[in-house]
Amino acid sequence: VVLPILWQALRNATPPSVVVNGGCAMRLPGPPICWPERAVTVMLLGGQDFFRAGISRDEYLQRTFENVPDSNATTAFFFVPEMKHMPQDEVA
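To start, this report covers the structure provided alongside it.

So, how was this worked out
Residues numbered from 1 in each chain as written. Predicted model: local features only at pLDDT ≥ 70, side-chain atom pairs only at ≥ 80, totals over all residues. Heavy atoms only, no water. Helix = DSSP H or I, 4+ residues; strand = E, 2+ residues; numbered from the N terminus. Rg over C-alpha atoms; globule rule 2.2 N^0.38 Å. Buried < 20%, exposed > 50% of the residue type's maximum accessible area, 1.4 Å probe, protein only. Contact = heavy atoms within 4.5 Å. Areas by Shrake-Rupley, 256 points an atom, 1.4 Å probe, with all protein chains shown as cover. Lys, Arg positive; Asp, Glu negative; His and termini not counted. Charge placed at Lys NZ, Arg CZ, Asp CG, Glu CD. Pairing = 2+ DSSP bridges. Right-handed = clockwise from strand over helix to strand, strands pointing away. Core = buried A, V, L, I, M, F, W, Y, C linked by side-chain atoms within 4.5 Å.

Some thoughts on the overall build of the chain
Moving on, step 1. Each helix and strand in the chain was counted, giving 2 helices and 3 strands.
Moving on, step 2. Starting at the N terminus and ending at the C terminus, the chain contains elements arranged as α-β-β-α-β.
Moving on, step 3. Taken over C-alpha atoms, the radius of gyration comes to 13 Å for the chain, in line with the 12 Å a tight globule of 92 residues would show.
Moving on, step 4. C-alpha extents for the chain along the principal axes are approximately 35 × 25 × 20 Å.
Moving on, step 5. Across the 92 residues of the chain, 35% fall into the buried class.
Moving on, step 6. Sequence separation of at least 24 residues holds for 67% of the intrachain contacts in the chain that already meet a minimum separation of 6.
Moving on, step 7. For the chain, the exposed area adds up to about 5800 Å²; of that, 59% sits on carbon and sulfur atoms.
Moving on, step 8. With 7 positive and 9 negative side-chain charges, the chain shows a separation of 5 Å between the mean positions of the two kinds.

This is the structure we're talking about:
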């Protein structure tokens, strides 16, 4: 997961990012991720992603959203229920 390293180094100056799957929006081991308030981030999340770890789709989305600061207005999520960890031809 590289984006959190860029966020930590560049903070709000991080270039706009498109993220496929939600790894950087998870509660990972180690220090909490410092999500910038103004870095533009678009995340594509799959409903069949193994990151869900057996929890409901609603809970998965809620946990993901909770990692974004309330003051952030530059992050967008696209949720594709049929998508696995990475987009596959059948969904495209």
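Moving on from the model shown.
Considerations on the environment of Val 68
Moving on, step 1. In this fold, Val 68 is placed in the loop between helix H2 (57–66) and strand S3 (75–80).
Moving on, step 2. Given the relative accessible area of 12%, Val 68 is considered buried.
Moving on, step 3. Filtering out sequence-adjacent residues up to four positions away, Val 68 remains in contact with Trp 35, Thr 75 and Phe 77.

Some words on the pairing of strand S2 (residues 41–46)
Moving on, step 1. In this structure, strand S1 (residues 17–20) lies alongside S2, joined through 4 bridges in parallel fashion. What sits directly across from Ser 17, in S2, is Thr 41.
Moving on, step 2. For the crossover that starts at S2, traverses H2 and ends in the parallel S3, the hand is right-handed.

Remarks on the environment of Asn 21
Moving on, step 1. Mapped onto the secondary structure, Asn 21 falls in the loop between S1 and S2.
Moving on, step 2. Remark: the alpha-carbon pair of Asn 21 and Leu 44, spanning 23 residues in sequence, is separated by 5.6 Å.

Structural notes on the nonpolar core
Moving on, step 1. Leu 3, Trp 7, Val 19, Cys 24, Ala 25, Trp 35, Ala 39, Met 43 and Val 68 together form the largest nonpolar core, which totals 9 residues.
Moving on, step 2. Sequence-distant contacts of Trp 7, that is, excluding residues within four places in its chain, are made with Thr 14, Cys 24, Ile 33, Cys 34, Trp 35, Pro 36, Ala 39 and Thr 41.

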